[in-house]
Amino acid sequence: MDRSKKLSETEYEIMEVLWKAEVPMSAAQLASYFAEHRSKEWKASTLATFLARLTQKGLISSEREGRVPYYHPIKSQKEYERDGAQGILDTLYDGSIRNFFAALYGGAQMSEEDRDSLREWLDDQE
């Protein structure tokens, strides 16, 4: 994944809320949610900075209702995670799943349960 699109911990937290929301949310609604559910009291300017970064990274967009912008995800959580996984695979393992598994198990024996689960998953990919 392009480093410019990698999310900070706080950006990811905001995205989690937007991904789970059934409707777009205003900055005030987000601030209220984080204050109530995560004990985070953000100044409006701080939250605006995070929202601007997420917009620049192409993960959210906003639409105005009157003077209030409402934010919604452009990319789903699954798409974001897939892109991240593909970036790691490409960068560290030359795009090879085999190289990834070799590094993951580092010469250790893969359990029978893991092998069966992997075979089942691979069979479903056809």
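Note that the structure is a prediction, hence the values are computed from the model and not measured.

**As for the packing of aromatic side chains**
Part 1: Overall, the coordinates contain eight aromatic pairs when judged by the stated rule.
Part 2: Measuring from centroid to centroid gives 5.8 Å for W42 and F50, while their planes differ by 45 degrees, and the two rings are tilted.
Part 3: With a centroid separation of 5.4 Å and 70 degrees between ring planes, the pair formed by F100 and F101 is classed as edge-to-face.
Part 4: Judged by its relative accessible area of 26%, F101 is partly exposed.

**Examining the packing of helix α1 (residues 9–20) against helix α2 (residues 27–38)**
Part 1: α2 packs onto α1 with a crossing angle of 105 degrees between their chain directions and a minimal axis gap of 11 Å. One element, α1, and the other, α2, form an angle in the roughly perpendicular class. Contact with α1, carried on its side by E13, I14, E16, V17 and L18, involves L30, Y33, F34 and R38 of α2 and no other residues of that element.
Part 2: Of the residues that constitute the contact of α1 with α2, the class distribution is six nonpolar, no polar and three charged.

**Focus: a negative patch on the surface**
Part 1: A cluster of like negative charges, contributed by E120, D123, D124 and E126, occupies part of the molecular surface.
Part 2: Along the chain, the position of E120 falls in helix α6 (residues 112–124).
Part 3: A residue is classified by how much of its surface remains accessible, and E120, at 53% relative accessible area, is exposed.

**Looking at the nonpolar core**
Part 1: I14, M15, L18, L30, L51, L54 and I60 are the most contacted members of the largest nonpolar core, which has 17 residues in total.
Part 2: Elements with a minimum of two residues in this core: α1, α2 and α3 (44–56).
Part 3: If one sorts the elements of this core by residue count, α1 sits on top with five residues.
Part 4: Filtering out sequence-adjacent residues up to four positions away, I14 remains in contact with F34, W42, L47, F50, L51 and L54.

Cut-offs and rules
Residues numbered from 1 in each chain as written. Predicted model: local features only at pLDDT ≥ 70, side-chain atom pairs only at ≥ 80, totals over all residues. Heavy atoms only, no water. Phe/Tyr/Trp six-rings, centres within 6.5 Å; stacked < 30°, edge-to-face > 60°. Buried < 20%, exposed > 50% of the residue type's maximum accessible area, 1.4 Å probe, protein only. Axes fitted to C-alpha atoms, helices over the stretch in contact; angles between N-to-C directions. Helix = DSSP H or I, 4+ residues; strand = E, 2+ residues; numbered from the N terminus. Parallel < 35°, antiparallel > 145°, perpendicular 65-115°, else oblique. Contact = heavy atoms within 4.5 Å. Nonpolar A, V, L, I, M, F, W, Y, C, P; charged D, E, K, R; others polar. Patch = residues over 30% accessible without salt bridge, like charges linked within 9 Å, V, L, I, M, F, W, Y side chains within 5 Å. Areas by Shrake-Rupley, 256 points an atom, 1.4 Å probe, with all protein chains shown as cover. Salt bridge = Lys/Arg side-chain N within 4 Å of Asp/Glu carboxyl O. Lys, Arg positive; Asp, Glu negative; His and termini not counted. Charge placed at Lys NZ, Arg CZ, Asp CG, Glu CD. Core = buried A, V, L, I, M, F, W, Y, C linked by side-chain atoms within 4.5 Å.

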